[in-house]
Amino acid sequence: MSYPGRGALVVLEGCDKAGKTTQAKLLYENMIKAGIPTNYMCFPDRTTKIGKLIDDYLKCNNDIEDHAIHLLFSANRWENVPKMKELLHRGTTLVIDRYAYSGVAFSSAKKNFSLDWCKQCDIGLPKPDLVLFFDLNMHNAVQRPTYGQERYENQTFQEKVRRNFLLLQDESFKVIDANRPIEVVYEDAKNSVLRAIQESRFKPLQELWV
Ligand code: 2DT
Ligand code: MG
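Only a predicted model underlies this, so the values are computations on that prediction, with no experimental measurement involved.

Participant: Just to check I follow, could you spell out the confidence of the model for the protein for this structure?
Facilitator: In low-pLDDT regions, the fine details of the predicted coordinates are not to be read closely. For the protein, the mean per-residue pLDDT works out to 95, and 99% of the residues sit at or above 70. No element of the protein has a lower mean pLDDT than helix H7 (residues 138-143), which averages 79, and none a higher one than helix H3 (residues 66-78), which averages 99. The ipTM assigned to the predicted complex is 0.98, against a pTM of 0.96.

In structure tokens, the structure reads:
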């Protein structure tokens, strides 16, 4: 099957344990099965040198000053931009588990960090064609396994993060009720992704927050 035009940039966002990774993998696997060229990526990309610093930070093996870690998360996206653009322009749709919205929502939940300051370093990244925001009740999130093992995984912080995500809503944002069964959430997500692929194929890739 040949796919003229570019691939879509699809981002999955949400608080911890909202089911993003499960949904991203389901989307990826089923789109491949359907013959749609697709790649799965995630941020932080813990495989690079910068990613390894971030991984240690999240596991509380190191301490990095709050502004500095924010910039490292952003640098970890920028270092992947050439690869992302190449894939998109070759017609591959990217399903990405977290992106700049997480960068801003998490850092700006810290004391003395404004949304505006946090956005600056991600301005100009490739703009997602679709942002699926998986919205889960905090009560349900804390019940899910392995909650509370990494930095930021506590309820008070996650509630601030959720509010910040909602402040970042733009025209590419779609809120998905993640309290429903996996298959129902998936149907909803899949339909939005297929629509985004159709609609963005012949549109130029845009820049984020410009
Ligand atoms: P995962 O549990 O999805 O691996 O995320 N984070 C993520 C930030 O603080 N800034 C960012 O720019 C990104 C992409 C969210 C690990 C944690 O890292 C946080 C949760
Ligand atoms: Mg996590």
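Participant: Any chance you could explain the site of ligand 1 here in plain terms?
Facilitator: Around ligand 1, the structure places Asp16, Phe43, Pro44, Arg46, Leu58, Phe73, Arg77, Arg98, Ser102, Gly103, Phe106 and Tyr152. The separation between an oxygen atom of ligand 1 and a polar side-chain atom of Arg46 is 2.8 Å. The backbone of Gly103 places a nitrogen or oxygen atom 3.4 Å from an oxygen atom of ligand 1. When the free accessible area of ligand 1 is taken as 470 Å², the share hidden by the protein chains comes to 89%. Counting only elements with at least two residues in the shell around ligand 1, the list comes to H3 and helix H5 (100-107).

Participant: Whenever I open this one, the packing of aromatic side chains confuses me. Can you help?
Facilitator: Two descriptors summarise a pair of aromatic rings, namely the distance from one centre to the other and the angle between the planes of the rings. Under the counting rule described, the total for this entry stands at 11 aromatic pairs. Measuring from centroid to centroid gives 6.0 Å for Phe43 and Tyr99, while their planes differ by 45°, and the two rings are tilted. Here Phe43 is found in the loop between strand E2 (38-42) and helix H2 (49-58), whereas its partner Tyr99 is found in the loop between strand E3 (93-97) and H5, with 56 residues between them in sequence. Tyr99 shares its class with Phe43; the two are buried. Between Phe133 and Phe165, the ring centres sit 5.0 Å apart and the planes meet at 45°, which makes this aromatic pair tilted. Here the residue Phe133 occupies a position in strand E4 (residues 130-135), and Phe165 occupies one in helix H8 (residues 155-167), the gap between them amounting to 32 residues. Exposure remark for Phe133: the relative accessible area of 0% places this residue in the buried category. By relative accessible area, which is 0% here, Phe165 ends up buried. One aromatic cluster is present, formed by Tyr57, Tyr101, Phe106, Phe133, Tyr152, Phe157, Phe165, Phe173 and Trp209 through successive ring pairs. When the ring centre of Tyr57 is taken as reference, the NZ or CZ atom of Arg151 above it lies at 3.8 Å.

Participant: Got a minute to help me understand the layout of surface pockets in this structure?
Facilitator: Rolled over the atoms, a probe sized like a water molecule indicates the empty space that remains. Considering only enclosed or pocket space, the largest pocket measures out at about 650 Å³ in volume. Asp16, Pro44, Arg46, Arg98 and Glu150 are, among the 29 residues lining the largest pocket, the residues nearest its centre. Sorting the residues of the lining of the largest pocket by element identifies helix H1 (20-33), E2, H3 and H5 as the ones contributing at least two each. The leading source of residues in the lining of the largest pocket is H5, at 4 residues. Among the residues making up the lining of the largest pocket, the classes are represented as 10 nonpolar, 8 polar and 11 charged. Counted as a void, the second largest pocket has a volume near 410 Å³. Among the secondary structure elements, those contributing two or more residues to the lining of the second largest pocket are strand E5 (173-177) and helix H9 (182-200). Residue contributions to the lining of the second largest pocket peak at 5 residues, all from H9. The class makeup of the residues in the lining of the second largest pocket is 5 nonpolar, 4 polar and 8 charged.

Participant: Just to check I follow, could you spell out the packing of H5 against H8 for this structure?
Facilitator: A packed helix pair is summarised by two numbers, namely the angle formed by the two axes and the spacing between the axes. Running from N to C, H5 and H8 cross one another at 130°; their axes reach a closest spacing of 8 Å. Considering the angle they form, H5 stands oblique to H8. Like other packed secondary-structure pairs, H5 and H8 cross with a definite hand, here right-handed. Across from Tyr101, Ser102, Ala105 and Phe106 in H5, the residues of H8 making contact are Phe157, Gln158, Val161, Asn164 and Phe165. When its residues are assigned to classes, the contact of H5 with H8 shows 6 nonpolar, 3 polar and no charged.

Participant: Can you help me understand the nonpolar core in this one?
Facilitator: Side chains of nonpolar character tend, in soluble globular proteins, to be buried together. Ranked by size, the top nonpolar core spans 40 residues in total, and within it Met84, Leu94, Ile96, Tyr99, Tyr101 and Val161 carry the most contacts. Residue assignment for this core shows that the elements contributing at least two residues are strand E1 (9-14), H2, H3, helix H4 (81-89), E3, H5, E4 and H8. The greatest single-element share of this core, amounting to 5 residues, is contributed by H5. Beyond its immediate chain neighbours, meaning those up to four positions away, Val161 contacts Cys15, Ala105, Phe106 and Ala109.

Cut-off values and rules
Residues numbered from 1 in each chain as written. Chains lettered and ligands numbered in written order. Predicted model: local features only at pLDDT ≥ 70, side-chain atom pairs only at ≥ 80, totals over all residues. Heavy atoms only, no water. pLDDT = per-residue confidence, 0-100. Helix = DSSP H or I, 4+ residues; strand = E, 2+ residues; numbered from the N terminus. Near = heavy atom within 4 Å. Polar contact = N/O pair within 3.5 Å; in protein donor to acceptor, adjacent residues only side chain to side chain. Areas by Shrake-Rupley, 256 points an atom, 1.4 Å probe, with all protein chains shown as cover. Phe/Tyr/Trp six-rings, centres within 6.5 Å; stacked < 30°, edge-to-face > 60°. Buried < 20%, exposed > 50% of the residue type's maximum accessible area, 1.4 Å probe, protein only. Lys NZ or Arg CZ within 6 Å of the ring centre and 35° of its normal. 1 Å grid on protein atoms, 1.4 Å probe; cavity = no way out; pocket = protein on both sides within 12 Å on 5 of 7 lines; lining within 4 Å. Points joined across faces, edges and corners; volume = space filled by probe spheres on them. Nonpolar A, V, L, I, M, F, W, Y, C, P; charged D, E, K, R; others polar. Axes fitted to C-alpha atoms, helices over the stretch in contact; angles between N-to-C directions. Parallel < 35°, antiparallel > 145°, perpendicular 65-115°, else oblique. Left-handed = near helix turned anticlockwise from the far one by under 90°. Contact = heavy atoms within 4.5 Å. Core = buried A, V, L, I, M, F, W, Y, C linked by side-chain atoms within 4.5 Å.

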